[in-house]
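Secondary and tertiary structure notes
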Amino acid sequence: MASVDGRPAQYGISLKQLREVMELRGQEAVDQLRHYGGVQQMCKKLYTSPTEGLSGSPKDIEHRRETFGSNTIPPKSPKTFWRLVWEALQDSTLIILEVAAIVSLLLSFVPSTSGGNFV
């Protein structure tokens, strides 16, 4: 049987099972974790310590990366300029200013009826 740092190379839980646990929230996640024997058993299956974490050896970390993939969150794509403009236009303060600007523009086309000169 193959080994990594003196332990079996096969983990007691698959990537699919880990994803199922990680996608759940609240009581469902707790129930699923209990299904696998709780935190202690999950750690045993993953050959890690709940208090100390991974062993830190490069060979072990590389094997985990190959087995489970990289532990990174993919970056979000940046918002486009037009998306930012649209979101800005949804602001209530800006909406009030836009309405005031439109009213001011409309009033500028109305002819003055006073006829008097102001000094």
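Anything mentioned here points back to the structure above.
In this report, the structure presented in the accompanying data block is examined. This is a predicted model, so every value here is computed, not measured.

1. Quick look at the overall build of the protein
What the protein contains, in helices and strands, is six helices and two strands. When the helices and strands of the protein are listed from N to C terminus, the series reads β-β-α-α-α-α-α-α. Here the C-alpha atoms of the protein give a radius of gyration of 31 Å, more than 25% beyond the 14 Å that 2.2 N^0.38 yields for 119 residues. Dimensions along the principal axes, computed over C-alpha positions, put the protein at roughly 100 × 35 × 25 Å. Here the protein holds 119 residues, and 16% of them are scored as buried.

2. Brief notes about the pattern of salt bridges
Any two side chains of opposite charge can pair, given that their charged atoms come close. Overall, the coordinates contain five salt bridges when judged by the stated rule. The partner of Arg-34 in a salt bridge is Asp-31, and the shortest N-O contact between them spans 3.7 Å. Placement of the pair is Arg-34 and Asp-31 together in helix H2 (residues 27-35), with a separation of three residues, close to one helical turn. The exposed category is assigned to Arg-34, whose relative accessible area is 57%. The exposure class of Asp-31 is partly exposed, given its relative accessible area of 40%. Note that Arg-65 is salt-bridged to Glu-62, the shortest N-O span being 3.5 Å. You can see Arg-65 and its partner Glu-62 sitting in helix H4 (residues 58-68), three residues apart, about one turn around the helix. Salt bridges linked by common partners bring Lys-79, Arg-83 and Glu-87 together as one network.

3. Let's talk about a nonpolar patch on the surface
Taken together, the side chains of Ile-95, Val-99, Val-103, Leu-107 and Val-110 present a nonpolar region at the surface, about 430 Å² in accessible area. For Ile-95, a relative accessible area of 37% gives the class partly exposed.

4. Concerning the environment of Leu-24
Tracing the sequence through the fold places Leu-24 in the loop between helix H1 (15-23) and H2. On the basis of relative accessible area, Leu-24 is assigned to the partly exposed category, the value being 25%. When the C-alpha atoms of Leu-24 and Phe-81 are compared, they prove to be 35 Å apart, with 57 residues separating the residues in sequence. Residues in contact with Leu-24, not counting those within four places in the same chain, are Ala-29 and Gln-32.

5. Structural notes on the packing of aromatic side chains
Using the criterion set out here, one finds three aromatic pairs in the structure. Ring plane angle 50° and centroid distance 4.9 Å describe the contact between Tyr-11 and Phe-68, whose orientation is recorded as tilted. With a gap of 57 residues between them, Tyr-11 in the loop between strand S2 (7-8) and H1 and Phe-68 in helix H4 connect regions that are remote in the sequence. Given the relative accessible area of 11%, Tyr-11 is considered buried. Owing to a relative accessible area of 18%, Phe-68 belongs among the buried residues under this scheme. Arranged with centres 5.1 Å apart and planes meeting at 75°, the rings of Phe-81 and Trp-82 form a pair that is edge-to-face. Assessed through its relative accessible area of 55%, Phe-81 is described here as exposed. Look at Trp-82 and you get exposed, because its relative accessible area is 64%.

So, how was this worked out
Counting starts from 1 at the beginning of each chain's written sequence and moves along it residue by residue. Given that the model is predicted, a residue must reach a pLDDT of at least 70 before its local features are reported, and side-chain atom pairs must reach 80 or more before they are shown or counted; all residues, however, enter totals for whole chains, interfaces and linings. Note that the side-chain values use all heavy atoms of the structure and ignore hydrogens as well as water. Secondary structure elements follow DSSP: runs of H or I of four or more residues count as helices, runs of E of two or more count as strands, with numbering from the N terminus. Put simply, the radius of gyration uses C-alpha atoms, and a globule should come to 2.2 Å times the residue count raised to 0.38. Here's how the labels work: a residue is buried when its accessible area is under 20% of the maximum for its type, exposed when over 50%, partly exposed in between, all with a 1.4 Å probe on protein chains only. Here, a salt bridge means any side-chain nitrogen of Lys or Arg that lies within 4 Å of a carboxyl oxygen of Asp or Glu. Patches here are clusters of residues that have more than 30% relative accessible area and form no salt bridge, with a 9 Å joining cutoff for like charges and a 5 Å cutoff for nonpolar side chains (Val, Leu, Ile, Met, Phe, Trp, Tyr). For the accessible areas, the method is Shrake-Rupley and the probe is 1.4 Å, while residue cover comes only from the protein chains on display. Between two residues, a contact is recorded if the distance between any of their heavy atoms is within 4.5 Å. Only Phe, Tyr and Trp rings take part, Trp by its six-membered ring, and two of them pair if their centres are within 6.5 Å. Stacked means planes under 30 degrees apart, edge-to-face means over 60, and tilted covers everything else.

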